[in-house]
Structure formats: C-alpha cells, structure tokens
Amino acid sequence: MSSTVDVIVIGGGHAGVEAAWAASSMLPEGRIAFVTMDASTIGVMSCNPAIGGLGKGQIVREIDALGGVMARAIDATGIMFKMLNTSKGPAVWGPRAQADKDAYKDEVQRLIATRNNIEIIEATVDDLIVEDETIKGVMLDEPLFASAVILTTGTFMRGLMHTGESKAQGGRVGEGSAEGISGTLQNLGFELGRLKTGTPPRLSKASIDWDSLPSQVGDASPVPFSDFPADSFPVLKQVDCRITSTTEDMHALIRENLERAPMYSGAIDAESGPRYCPSIEDKVVRFAERSAHHVFLEPETIDGDSIYCNGISTSLPADVQEQLIPMMDGCANAEILQLGYAVEYDIVRPHQINATCETKLVKGLYLAGQINGTSGYEEAAGQGLVAGINAVLSIRGEEQVMFGRDKAYIGVMMDDLVTTTPIEPYRMFTSRAEHRLLLRADNADERLTSHARELGLICDARWDAYETRMQTLDEIRTAINPVNAKKSDYPVEEIQDELSAFPPRLVHRVVSDIRYEGYIKRQHAEVKRQAKTENRKVPAGLCPKSIAGLRNEAVESLETYKPTTLGQASRLAGITPADITLISIAIERFHQHQ
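Residues numbered from 1 in each chain as written. Predicted model: local features only at pLDDT ≥ 70, side-chain atom pairs only at ≥ 80, totals over all residues. Heavy atoms only, no water.

Topologically, Gln400 is positioned in the loop between helix H10 (377-396) and helix H11 (409-419). Within polar-contact distance, the side chain of Gln400 engages the side chain of Tyr366 at 3.1 Å. Setting aside anything within four residues of it in sequence, one finds Gln400 in contact with Thr356, Glu358, Tyr366, Asn390, Leu393 and Ser394. (Helix = DSSP H or I, 4+ residues; strand = E, 2+ residues; numbered from the N terminus. Polar contact = N/O pair within 3.5 Å; in protein donor to acceptor, adjacent residues only side chain to side chain. Contact = heavy atoms within 4.5 Å.)

Pasting the structure below:
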C-alpha cells in the first residue's frame, strides 16, 4: 500500500461503502483507501436484515439515482419485497425488502471488488494527521496521507455492549471497539456526545412452531429498488415472515426486572435511545395501557436457521430473556441463538459539520453515519454518499454540493442534522419532509440522475437506461387520457390495460403526476418563493455579535450552529422571522464593505 492516496474512508459499514464507491466513481484514475478493522465485515447488516421502509426507502431510491450501491445490493439479495403504506397516497409509499443478510454482505463486497481504484486496508486508525486545521492523513502502523478523510465509525467509537449487568467492549457482537479516535477528536476541539441503541434476540427457526403463526407475505409483483436491476427480478427465492406478540405475563416480568435493564435503567452513560425503535422495556413503560405488542419473526437468510425478533429490542439479562421468549405464541420451545443487547457509543454532535458532511473545525475531514447521531443503514448510506461526493469536489477545488430539502430526503436529513442537536438517534420519516409530494420514491431519478451524471457518478450504461426511461415517460404522458387519470376512483389497472405496452411502474408514476398536478404545482411555487431566502449564503466572516439588534438567544444559536445559508439559520432553535430580517440586512452590509 502506498503512503499517499487521494481519499481515505474509515469504516466498512453502509456509510463507508457508499463513500468509497462515490469517490471511486468520480476519481476513476484516483486511489481510494478503504480502512476497516475486518474486511470480511464490509457491508454487514449488524441489526435488522432489511433495507428500506417509510422515508428510508426513498433514501435508498435516491442513492440509486445518484449511482450508489445499496439499491443494487438489496435487489440482488432481497427475499421479501413489500411496498408499505399503499393505503395512502404515493407521496408516502415506502419500498422495503427483507434481505438474506449473508448474501447482501457478499454482494456489497463483490461490487467493491470490481473497483480497481479501491484498496482495502485492515487496520485500526489510531490518530488523525492534522496541520493548520487541515486534514493530511491518518496514522495506522505508519502514516497514510490523503487530501480528504471520511470517518464512518458506526457504533464503534468507545463502543460498549450491555446484556443485563454483563458488559463487553465492542460496537457489534463478536467485534471490538475503536478507542483512540474519540480522544483524537476531542483534542482537535470537537464536542462529543453519547447515544445508545439496541438489538433483539435471534431465535432458531427449527425450534419455533412456525406454521402455527400468521404469515406476513411480500408483494405478488415486487418492485425493484434500482432503476438498473438484474435481468431477472427478484433474484433469490422469496420467503414469508411470521407474526407473534408479547403478552401481559411478559410485561409483568419485564416490569419486575427494569432495574436490571441498562437500556432503560440509566446504567448506560448515554443521553437517549431510539424513540422510534424503542426497547421492549421502553414500550412496556410508555404504553402501559397495552396488553400486547406485535413481534415480527424475520428470517435472516433463505436457508439458514436464524430468526430476527423485530419488536423486542432489549438489554435485559440472559436469565430474563430466556424466560420471556417462551411466553410468545409459537415460541414455547424456542432456542435463543444470540441474546439481545444494547450498545452505547460516542458521536460527534452534528452542528459541527456542514450539510456537505465536512467538519467545520478541520478542512478535508468528513463525518458520515452514526458518528453524526443517526440511526439506520439507509441514513448512514445517504450521508456516506454525500461525504464521498464532496470529498472529491474539495480535492478538485470545486464548490461542494448540498441537496436541498425540496430535492431529496437526503437533503432533508442533512439539513435536520446541522440545524438541531440530536438527543436520540435520528431516523428518517416521510413526515420530516415538507415537500414530500415532490420527493416520491418513484421519481428519484427525475430529481437527481442528471446532476449525478454531471458529477461523474453515473456510468454510460445507467445513463442510457435513464434517457430511455425518460423518453418512455414522455410517450406515456402523450398517450394517457388525463381526464380519466385524474379520477380518484379510476382504477390504475384499467389505465395500465389501456397502456399495456408500457411498464406498469412508469404508467403509475405518470398517473400520480396527473392526479396530484395541482398540489405539485403549489409545492413548486412555494419552493420558488422561498428560494431567495433558502439559498442565500451566510458569509463565514459575519460575526453574529456584530449584527445590530439581534437578541442574545439568536446570537448564541448562530455561534453554535454556524449556518451556511439563511434557510438553515431560519430553522435554528431561538431564531425568529425578525431575526432573519436583521441577519439578511447584515449580509447586505457585509458584502457592501468587502
């Protein structure tokens, strides 16, 4: 391995994969060092064996539209595809797929191996090399220099796992933790926080009365995530899941042992856990009126024996977990293959990064994934993509990109991160996007692929497929009867019969555009109205204390978050419309005196 490369990516999770892939795409003649503690775990699904969901599925579609890996990998390894929320409008539909987690990891590693300019290094990063507030490289056994470094540590920064009173260092079962990097970041002046998350037990399928439980099946005609899927889809055999539930007896046992559950009791030195994917201890206390909670039994592989118990994430001790599991229907004789556990880990509070993922303290250093306080494979992957793109742009000396809230869920996420301080792991939902009618899962390519082509993220084959798809959409718009398409009671199936020569997926997209045309126009008008304020740059040299009439609370907020645009400033806590007017006037005066 040479001592100098173009970009160093640290961490082999979903953020690291997308960062390395994006940098590789944009620098075909460059050199990308992909540093991970264990190369065999690149792309591993450390928690639930699934990709997508509400809000999350839109991010995966956007990653695909930007030339990323995740959608291709899940299409090749998905074992149950399902479109969620179809009882509501298409703006909030969310594609989701169960994965064969072993096949998924193998597919990600296969894709990475196709890139000759990605060099994998098995090592732990002990230190960052920083000079004059600019990244120069990292310390492994010896220095490795680069113009940009992307840090994607996941839950490994001082990771500590808990099962009851039992503790073990590590960010994931069977793996160690990264101890030194937290101290390095603190010494550089970064403010760290600490969050916690958890995972449920895994059970032996052979020990479950599988056939006695209600089925949860995938879609009869599954839709791929990628616009560039395999010739035959789905690739793998499709399976179903089973549903069971907790019981009042389980809840009583959990209440009796709350003080032994560090995820709940306060024994973990972390601010908060995931509100939207809470532990079963949290559920029992917060929803005391409920006598049962659904538990989804999800196969982790096609032919393997391991079942993921979605819905009972826990840090209770082993003896309690062993009593709880047999209380669920179908699980009287269930064997626990892996106990549930909690993990606490360090984060860098994300007000210290820009929406480009570059840190404000160290030029050329980028952070992506759970290190920024997020939760989930999809959120991590989206950040990794942003970091990879901007790392290369910074090397080229070009202006870095920020995706607007009206352009992508990825843009919503990045804006949320840099304008708020998470007290719990951040998770994407459709409700976070005020322009969600424009950000449907089915139109990600129309929103993003042209831009991705300009950035060098899209290969010729994908671009040709995109242009063909856009031409087909135009043909459908010409052929379709807009009067019938606008009728809410006019079955999509009838429209598809009329246009049977066209792909149903594209027909449905055009129908959605027509039916929601008025609302879409209204949202575009609102975006245009806000654009002048939203995108106006806040000069780095503008001192908040120098702005006449600005309240102390607003000054403190500006000094903490250092927004790069007036739009970001308007979303900060403690900033009022009157403050924005004063800031806008100050920006005008600042430029007049330059």
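Orientation of helix H3 (residues 70-77) relative to helix H4 (residues 101-113), taken along the N-to-C sense of each, is 135°, at an axis distance of 9 Å. As far as their axial angle goes, H4 and H3 are oblique. Where H3 crosses over H4, the two elements pack in a sense that is right-handed. On the side of H3, the interface is formed by Met70, Arg72, Ala73, Ile74, Ala76 and Thr77, while H4 contributes Ala103, Tyr104, Glu107, Val108 and Leu111. By residue class, the composition of the contact of H3 with H4 is eight nonpolar, one polar and two charged. (Axes fitted to C-alpha atoms, helices over the stretch in contact; angles between N-to-C directions. Parallel < 35°, antiparallel > 145°, perpendicular 65-115°, else oblique. Left-handed = near helix turned anticlockwise from the far one by under 90°. Nonpolar A, V, L, I, M, F, W, Y, C, P; charged D, E, K, R; others polar.)

In this section: the environment of Met45. Mapped onto the elements, Met45 comes out in the loop between strand S2 (32-36) and strand S3 (50-52). Judged by relative accessible area, Met45 falls into the buried class, the value being 3%. Expressed as a C-alpha distance, the spacing of Met45 and Asp102, which sit 57 residues apart in the sequence, is 8.3 Å. Other than its neighbours up to four places away in sequence, Met45 contacts His14, Ala50, Ile51, Ala99, Lys101, Tyr104 and Tyr377. (Buried < 20%, exposed > 50% of the residue type's maximum accessible area, 1.4 Å probe, protein only.)

The next thing to look at is the sheet that holds strand S9 (residues 143-145). Sheet architecture is open: three strands sit in the order S7-S8-S9, paired in antiparallel fashion. With partners counted over all chains shown, the strands left at the sheet margins are strand S7 (127-131) and S9, one partner each. The mean angle between the axes of side-by-side strands here comes to 35°, regardless of whether they run parallel or antiparallel. The sheet contact formed by S7 and strand S8 (residues 134-139) spans five bridges and is antiparallel. Residue pairing in the sheet places Val130 in a bridge with Ile135 of S8. (Pairing = 2+ DSSP bridges.)

Right, let's get into the sheet that holds strand S19 (residues 336-338). On the basis of which strands lie adjacent, the open sheet formed by six strands has the order S15-S16-S17-S18-S14-S19 and antiparallel pairing. Lying at the two open borders of the sheet, with one neighbouring strand each, are strand S15 (215-216) and S19. Pairing of strand S14 (residues 202-204) with strand S18 (residues 306-310) involves three bridges; the strand directions are antiparallel. In the strand pairing of S18, Ser204 is matched with Ser306.

Here we take up the side chain of Thr419. Of note, Thr419 is situated in helix H11. Polar side-chain contacts of Thr419 include one of 2.7 Å to the backbone oxygen of Asp415. If sequence neighbours within four positions are ignored, Thr419 has contacts with Tyr561, Gln568, Arg571 and Leu572.

The subject of this paragraph is the nonpolar core. In this structure, Ile8, Leu185, Ile389 and Ile410 are the most contacted members of the largest nonpolar core, which totals 116 residues. When residues of this core are assigned to their parent elements, the largest contribution, 10 residues, is made by H10. Met250, Leu258, Val295 and Leu324 belong to the second largest nonpolar core, which has 23 residues in total. (Core = buried A, V, L, I, M, F, W, Y, C linked by side-chain atoms within 4.5 Å.)

The amide bond that connects Phe233 to the next residue, Pro234, takes the cis arrangement and shows omega of -5°. Residue position: Pro234 is located in the loop between S15 and strand S16 (241-245).

Taking burial as the measure, the five residues of S2 include five buried ones, the bulk of the element. Burial of S2 is two-sided: the residues Ile32, Phe34 and Thr36 facing one way and the residues Ala33 and Val35 facing the other way are all buried. By the bridge criterion, four bridges tie strand S1 (residues 7-10) to S2 in an arrangement that is parallel. If you follow Val7 over to S2, its bridge partner there is Ile32. Read from S1 through helix H1 (residues 14-26) to S2, the crossover connection turns out right-handed. Here five bridges tie S2 to strand S6 (residues 118-122), and the two strands are oriented parallel to one another. Bridge pairing in S6 links Thr36 to Glu122. (Right-handed = clockwise from strand over helix to strand, strands pointing away.)

What follows covers the pattern of salt bridges. For the structure on display, the rule yields 40 salt bridges. A salt bridge links Asp416 to Arg405; its shortest N-O distance comes to 2.9 Å. Of the two residues, Asp416 sits in helix H11 while Arg405 sits in the loop between H10 and H11, which places them 11 residues apart along the sequence. With relative accessibility at 9%, the residue Arg405 sits in the buried group. Here Glu526 makes a salt bridge to Arg529, at a shortest N to O gap of 2.6 Å. Of this pair, Glu526 and Arg529 both sit in helix H17 (residues 517-534), three residues apart, which is roughly one turn of the helix. On the basis of relative accessibility, which here comes to 29%, the residue Glu526 falls in the partly exposed class. Each of Arg61, Asp227, Arg440, Asp442, Asp445, Glu446, Arg469, Asp474, Arg477, Arg505, Arg509 and Asp513 takes part in one network of salt bridges that share partners. (Salt bridge = Lys/Arg side-chain N within 4 Å of Asp/Glu carboxyl O.)

Right, let's get into the state of the cysteines. Such a bond, covalent and formed between the sulfur atoms of two cysteines, is termed a disulfide. Scanning all chains against the criterion turns up zero disulfides. Free cysteine: Cys309, not disulfide-bonded; nearest cysteine sulfur from Cys331 at 6.4 Å. Under the relative-accessibility criterion, Cys331 is labelled buried at 0%. (Disulfide = S-S within 2.5 Å.)

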